[in-house]
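Summary of the model geometry
Read off the chains here:
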Amino acid sequence: MSPDTPGYLDVHAHFLTDSYVHRAREAGHELPDGVPAWPTWSAAAHLELMDRCGIETSMLSISSPGVHFGDDTAARRLAREVNEAGAQAVRDHPGRFGLFASLPLPDVDGALEEIAYAYDTLHADGVVLETNTHGTYLGDPGLEPVWAELGRRRAVVFLHPTSPVCWERSALGRPRPMIEFIFDTARTVTDLLMAGTLERHRDLTVIVPHCGGALPVLADRIDGFMRMFMPEGTAAPGAVEQLRRLHYDLAGPVLPRQLPALLNLVGSDRLLYGSDHCWTPAAGVEAHVAGLDAAPAPDGARSWRALTTANARRILPRTAR
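What comes next is a walk through the structure. (Residues numbered from 1 in each chain as written. Predicted model: local features only at pLDDT ≥ 70, side-chain atom pairs only at ≥ 80, totals over all residues. Heavy atoms only, no water.)

1. Digging into the pairing of strand β8 (residues 205-208)
Taking every second residue as pointing to the same face, both faces of β8 are buried, with T205 and I207 on one and V206 and V208 on the other. With three bridges connecting them, strand β7 (residues 156-160) and β8 associate as parallel partners. By the bridge assignment, F158 is partnered in β8 with I207. Sheet topology note: the β8/strand β9 (residues 247-249) ladder contains two bridges and is parallel. By the bridge assignment for β9, I207 is matched with H247. (Buried < 20%, exposed > 50% of the residue type's maximum accessible area, 1.4 Å probe, protein only. Helix = DSSP H or I, 4+ residues; strand = E, 2+ residues; numbered from the N terminus. Pairing = 2+ DSSP bridges.)

Below is the structure:
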């Protein structure tokens, strides 16, 4: 791509290994989050799609259901396995892939061990955290050591939605990514706000997926409840101010309604491109890119491509050119 037409930098891209899918199926995830089938992934096919769509670099991560299927020891092994596989893809294709490493939450000791390995040995670009693991949401006080270590490392933290614990009733038999993911994103970010986590660890760079899920339309409501029910003496800013400090990817059908709603909450400097491939099929990625490329960009930017790529390079220094 030319400097005038940069390649997208995709912060929301996924990979799979045969071993990971096998272990997930053994744990009961035959139809992951109610989706009819597991996708397939290969670096070669992903790169072909990236070249067709003008995507320069994709940050790889493991999607829902994550790596913890109920046993801490097994989760530690699986996190290490997928992180090493992702790091190998990065080494095999310099400049084309980056890695957001998986952590075996809610196992705090295992997560701290994997943070050190992911950063110091694998040189990961950040971490991916599921919105909840077996009902432990990200504002849980027991996770504070993990947030403290990520803050110390000034980490990029990519949040990824998963099924809520109540999905058997709330999903009504439909695939959970349709709306359950959207609300679980809002649920865990609200938990972080109410717990004061984002304010305590302001050196973090947090990426919220899918245009913020339901947050753009709930932000003022959350803000009002925070001001009424935060503990007395809490000095944390309101929800809207904190939400404006986060970053948001544009994965999913964001036009024509969701993206304008997000722009009523945050500045365009907080927006990043995301494809959600391989869970979004190639044809969906191509249509999404075409829609963004045809849409006028805000604030005088040349294009959504130029805007989101410049934003991503600011928070992911290794991708800067």
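2. A word on the packing of aromatic side chains
The final tally for this structure, using the stated rule, is eight aromatic pairs. Ring centres of F15 and W41 lie 5.9 Å apart, and the angle between their planes is 65 degrees; on these two criteria the pair is classed as edge-to-face. Within this pair, whereas F15 is found in the loop between β1 (8-14) and α1 (18-26), its partner W41 is found in the loop between α1 and α2 (43-53), the two being separated by 26 residues in sequence. Exposure remark for F15: the relative accessible area of 3% places this residue in the buried category. Both rings, one in W41 and one in F97, keep their centres 6.3 Å apart while their planes meet at 55 degrees; by these two values the pair is tilted. Taken as a pair, W41 in the loop between α1 and α2 and F97 in strand β3 (residues 97-102) lie far apart in primary sequence, 56 residues in all. (Phe/Tyr/Trp six-rings, centres within 6.5 Å; stacked < 30°, edge-to-face > 60°.)

3. Side note on unusual backbone geometry
With omega at 15 degrees, the peptide bond leading from S64 into P65 counts as cis. For the bond from L255 to P256, the omega torsion is 10 degrees, close enough to zero to count as cis. In this structure, L172 takes a positive phi of about 55 degrees despite not being glycine. Take L172: its relative accessible area is 60%, and that puts it in the exposed class. The phi torsion at D276 lies on the positive side, around 65 degrees, for a residue other than glycine.

4. Overview of the side chain of H46
Looking at where H46 falls in the secondary structure, it is placed in helix α2. Under the relative-accessibility criterion, H46 is labelled buried at 2%. If near-sequence neighbours (up to four positions away) are discounted, H46 is found in contact with A13, H14, W41, S58, L60, F97 and H277. (Contact = heavy atoms within 4.5 Å.)

5. Details of the nonpolar core
If you look at the biggest cluster of nonpolar residues, it comprises 80 residues, and the most contacted ones within it are L129 and L150. With twelve residues, the next largest nonpolar core counts V128, F158, I207 and A312 among its residues. (Core = buried A, V, L, I, M, F, W, Y, C linked by side-chain atoms within 4.5 Å.)

6. Remarks on helix α9 (residues 215-229)
Residue pairs three or four apart in sequence face the same way in an α-helix, which turns once every 3.6 residues. The axis of α9 is deflected most strongly, by about 30 degrees, at R221. Among the residues of α9, those classed as buried are L215, P216, A219, I222, D223 and M226. Of the surrounding secondary structure, the elements contacted by the buried residues of α9 are α7 (180-195), β8, α10 (239-243) and α11 (258-263). (Bend = angle between axes of the 7 residues up to and from the residue.)

7. Here's the deal with the sheet that holds strand β10 (residues 271-272)
The eight strands are arranged β1-β2-β3-β4-β7-β8-β9-β10 in an open sheet whose pairing can be described as parallel. The sheet is open, and its two edges are formed by β1 and β10, each paired on a single side. Of the strand pairs in this sheet, strand β2 (residues 55-61) and β3 are connected by three bridges, and their pairing is parallel. Residue pairing for β3: L60 is matched across the bridge by L99.

8. What about the pattern of salt bridges?
Applying the stated rule across the entire model yields 20 salt bridges. With a shortest N-O distance of 3.9 Å, E113 and R80 are connected by a salt bridge. Of the two residues, E113 is situated in helix α4 (residues 108-120) and R80 in helix α3 (residues 72-92); the sequence distance between them amounts to 33 residues. Under the relative-accessibility criterion, E113 is labelled partly exposed at 45%. With a closest N to O distance of 3.4 Å, D203 and R154 form a salt bridge. Of the two residues, D203 sits in the loop between α8 (197-200) and β8 while R154 sits in the loop between α5 (144-152) and β7, which places them 49 residues apart along the sequence. Under the relative-accessibility criterion, D203 is labelled partly exposed at 42%. You can call R154 exposed: its relative accessible area is 55%. Through salt bridges with shared partners, a single ionic network connects R76, R80, D107, E113 and E114. (Salt bridge = Lys/Arg side-chain N within 4 Å of Asp/Glu carboxyl O.)

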